[in-house]
Amino acid sequence: MSTIFMTGTSTGLGKAAALLFAKKGWTVIATMRNTEKGADLETHPNISLMTLDVTDNEQIQQVAKDATAKYDIDVVFNNAGYGLAGPFEGSTDEQMLQNINTNLIGVMRVTKAFLPHFREKKAGLFITTTSIGGSIALPYNSVYHAAKFGVEGWSESMDMELRKLGIGIKTVAPGGIRTDFAGRSLDVSMHEAYKEDFAKVEAAFLDPARAENYSSPEAIAEVVYEAATDNKDQLRYLAGEDAKEFYKMRQELGYTGFRDVIQQMFS
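Within each chain, residue numbers correspond to sequence positions counted from 1 in written order. Only residues with pLDDT of 70 or above have their local features reported here, since the model is predicted, and side-chain atom pairs are shown and tallied only from 80 upward, although totals for entire chains, interfaces and linings are computed over all residues. As a convention, hydrogens and water are excluded, and side-chain values are obtained from all of the structure's heavy atoms.

Peer 1: Explanation requested: the overall build of the protein chain in the structure shown.
Peer 2: Of the regular secondary structure elements, the protein chain holds eight helices and nine strands. The globule rule is 2.2 Å times the number of residues to the power 0.38, and the radius of gyration it is compared with is taken over C-alpha atoms. For a compact globule of 267 residues, the expected C-alpha radius of gyration is about 18 Å, and the protein chain comes in at 18 Å, within 12% of that figure. Each of the three principal axes of the protein chain carries a C-alpha extent, and together these read 55 × 40 × 35 Å. Across the protein chain, the mean location of the 27 positive side-chain charges is 5 Å away from that of the 35 negative side-chain charges. Numbering of helices and strands starts at the N terminus; helices are DSSP runs of H or I of at least 4 residues and strands are runs of E of at least 2. In this tally, Lys and Arg are treated as positive and Asp and Glu as negative; His is ignored, and so are the chain termini. Think of each charge as sitting on NZ of Lys, CZ of Arg, CG of Asp or CD of Glu.

Structure (C-alpha cells):
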C-alpha cells in the first residue's frame with residue numbers, strides 16, 4: 001500500500017484528492033490549518049488528519065518529522081494555496097508577502113522538509129498544484145501569477161536536481177475549478193484609479209457562463225492520481241479543457257497575440 005502526504009485538504013481539490021487516493025487503497029495523511037474542517041475525512045479508514053499551516057516553518061519541520069517517523073511516505077502533494085486578485089498598485093505589502101509565502105515559499109518549505117526522507121530511500125515523488133496561471137497571465141492577478149510562475153520555474157530546476165537521486169517532481173496545472181474558491185480562497189486588493197477597469201475584468205471572471213468550462217474538483221483529482229501513478233517522465237500536467245485551451249492559445253499566438261485576445265476578452 002502506498003502512502004501520500006497532502007496539504008490543503010479541507011475543501012475543494014485537496015479534499016477530493018484525499019478521498020480519491022483513499023478509495024484507491026492509499027494511506028492518506030491529510031493536513032490542513034484547522035482539522036475540525038476535515039472531520040468528515042477522518043471517518044475514512046485510510047485517512048489520518050494532521051494540523052499544518054504551510055506558512056509556519058517550525059510546524060512544517062515537526063509535522064514532517066512526525067509523519068516520516070510513523071509512515072513510509074511515497075508521495076507528497078503540495079496543494080495548499082489561495083488567490084489574490086486586483087490592481088497591483090493597491091496590493092499591500094502584507095498581501096504580497098502572505099500570498100507568496102503560502103503559494104511559493106510554503107511549497108518549498110514542505111518539499112525541503114521531506115527531501116531527507118526521499119533521499120534516504122532513493123525514491124519518492126513531489127506533486128504540486130500550480131495553475132494554468134503559472135504558464136499564462138491574465139490581468140489583475142500579478143502577485144498570484146508571480147507565485148505560480150515561480151513554482152513552475154522552481155519545479156523545472158528541481159526536476160534536473162533531483163532525478164539523479166531517484167526523486168521525481170511534477171506539477172498539476174488546473175484551469176477553473178467549480179468550488180467556492182472566489183469566496184473562500186480569494187483575497188482582493190483595491191485602488192481607486194483602477195476601479196472601473198477592474199470592475200469589468202472582475203465581472204468577466206465571475207460570469208456564470210465562464211464556469212461552464214470549469215472542471216469539478218473530482219476531475220482534477222483524477223489528474224493528480226494519474227501524475228502519482230503513471231510513472232511517466234513528465235513534469236507538467238495540464239488539467240481541464242479551459243487550461244488546455246489557454247495554454248495552446250498562448251503557445252500558438254505568442255505573447256503579443258495572446259495579450260490582444262485577452263484584452264478583448266476582458267474589455
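Peer 1: How do you make sense of the nonpolar core when you look at a structure like this?
Peer 2: Taken as a class, soluble globular proteins show a tendency for nonpolar side chains to be buried jointly. Buried Ala, Val, Leu, Ile, Met, Phe, Trp, Tyr and Cys residues that are joined via side-chain atoms within 4.5 Å together make up what is termed a nonpolar core. A 1.4 Å probe rolled over the protein chains alone gives each residue an accessible area, and that area as a share of the maximum for its type sets the label: buried under 20%, exposed over 50%, partly exposed in between. Counting residues in each nonpolar core, the largest one holds 30 residues, and the members touching the most others are Phe21, Val28 and Val172. Looking at this core, the elements that each hand over two or more residues are strand E1 (3-6), helix H1 (12-23), strand E2 (27-32), strand E3 (47-51), strand E4 (75-78), strand E6 (124-129), helix H7 (217-229) and strand E9 (236-239). By definition in these notes, contact holds between two residues if any of their heavy atoms fall within 4.5 Å. Here phenylalanine 21 is in contact with Ile4, Met6, Trp26, Val28, Val224, Tyr225 and Ala228, once residues within four sequence places are set aside. Grouped together as the second largest cluster of nonpolar side chains are 25 residues, Phe5, Val54, Val110 and Phe126 included.

Peer 1: Honestly, helix H3 (residues 93-121) in this entry has me stumped. Any pointers?
Peer 2: Owing to its 3.6 residues per turn, the α-helix aligns residues three or four sequence positions apart on the same side. The end-to-end C-alpha separation of H3 is 41 Å, in line with the 42 Å expected for 29 residues at 1.5 Å each. Residue isoleucine 105 marks the point of greatest curvature in H3, where the axis turns by about 45 degrees. Just past H3, the residue lysine 122 takes up positive phi, approximately 55 degrees. The span expected for a helix works out to 1.5 Å for each residue beyond the first. We define the bend at any residue as the angle between the axes fitted to the seven residues before and including it, ending there, and the seven starting there.

Peer 1: Got a minute to help me understand the packing of helix H2 (residues 57-70) against H3 in this structure?
Peer 2: Axes here mean lines fitted to C-alpha atoms, for a helix over just the part in contact, with angles spanning 0 to 180 degrees between N-to-C directions. Direction vectors running N to C along H2 and H3 enclose 30 degrees, while the axes themselves pass 9 Å from each other. In terms of axis orientation, H2 runs roughly parallel to H3. For the pair H2 and H3, the sense of crossing is right-handed. Of the residues in H3, those touching H2 at Asn57, Ile60, Gln61, Ala64, Ala67 and Thr68 are Arg109, Val110, Ala113, Phe114 and His117. Class assignment for the residues of the contact of H2 with H3 results in six nonpolar, four polar and one charged. Should an angle fall under 35 degrees it is called roughly parallel, over 145 degrees roughly antiparallel, and 65 to 115 degrees roughly perpendicular, with every other angle called oblique. Note: crossing handedness is left-handed where the near helix turns anticlockwise from the far helix by less than a right angle, and right-handed where it turns clockwise. Charged residues are taken to be Asp, Glu, Lys and Arg, nonpolar residues to be Ala, Val, Leu, Ile, Met, Phe, Trp, Tyr, Cys and Pro, and polar residues to be all remaining types, Gly included.

Peer 1: I keep staring at the pairing of E9 and nothing clicks. Help me out?
Peer 2: Where a strand is regular, its side chains alternate between the two sheet faces. Of the two faces of E9, the one lined by Tyr237 and Ala239 is fully buried and the one lined by Arg236 and Leu238 carries no buried residue. Both strand E7 (residues 167-174) and E9 contribute to a ladder of four bridges, which runs parallel. Paired with valine 172 across the two strands is tyrosine 237, which belongs to E9. Two strands make a pair as long as DSSP finds a minimum of two bridges between them.

Peer 1: What should I look at first to understand the pattern of salt bridges in this one?
Peer 2: Any two side chains of opposite charge can pair if their charged atoms end up close together. The working definition used for a salt bridge is a side-chain nitrogen of Lys or Arg within 4 Å of a carboxyl oxygen of Asp or Glu. Taken as a whole, this structure holds ten salt bridges when the rule is applied. Where aspartate 40 meets lysine 15, a salt bridge forms, and the shortest distance between an N and an O atom there is 2.6 Å. Pair noted here: aspartate 40 is in the loop between E2 and E3 and lysine 15 is in helix H1, with a separation of 25 residues, a long-range link. Between aspartate 230 and lysine 170 there is a salt bridge, and its shortest N-O distance comes to 2.9 Å. Linking aspartate 230 in the loop between H7 and E9 with lysine 170 in strand E7, this pair joins segments that are 60 residues apart in sequence. The class for aspartate 230 is partly exposed, based on a relative accessible area of 21%. A single network of salt bridges, built from pairs that share partners, joins Asp72, Asp74 and Lys121.

Peer 1: What should I look at first to understand the sheet that holds E3 in this one?
Peer 2: Through backbone hydrogen bonds, the strands of a sheet pair up, either in parallel or in antiparallel fashion. Taken in spatial order, the seven strands make up an open sheet running E3-E2-E1-E4-E6-E7-E9, and their pairing is parallel. The open sheet has two edge strands, E3 and E9, and neither has a second partner. The average angle at which neighbouring strand axes cross in this sheet is 20 degrees, direction not considered. Inspection of the sheet shows E2 paired to E3 by five bridges, in the parallel sense. If you follow threonine 31 over to E3, its bridge partner there is methionine 50.

Peer 1: I would appreciate a short explanation of the side chain of serine 91 in the present structure.
Peer 2: If you trace the backbone, serine 91 turns up in the loop between strand E5 (83-85) and H3. A relative accessible area of 12% places serine 91 in the buried class. Here the side chain of serine 91 touches phenylalanine 88 through a polar contact of 2.6 Å, landing on its backbone oxygen. Not counting residues within four places of it along the chain, the set of residues in contact with serine 91 comprises Met96, Val143 and Ser189. Here a polar contact is recorded for every N or O atom pair within 3.5 Å, except that within protein the pair must consist of a potential hydrogen donor and a potential acceptor, and residues adjacent in sequence are included only if both atoms are side-chain atoms.

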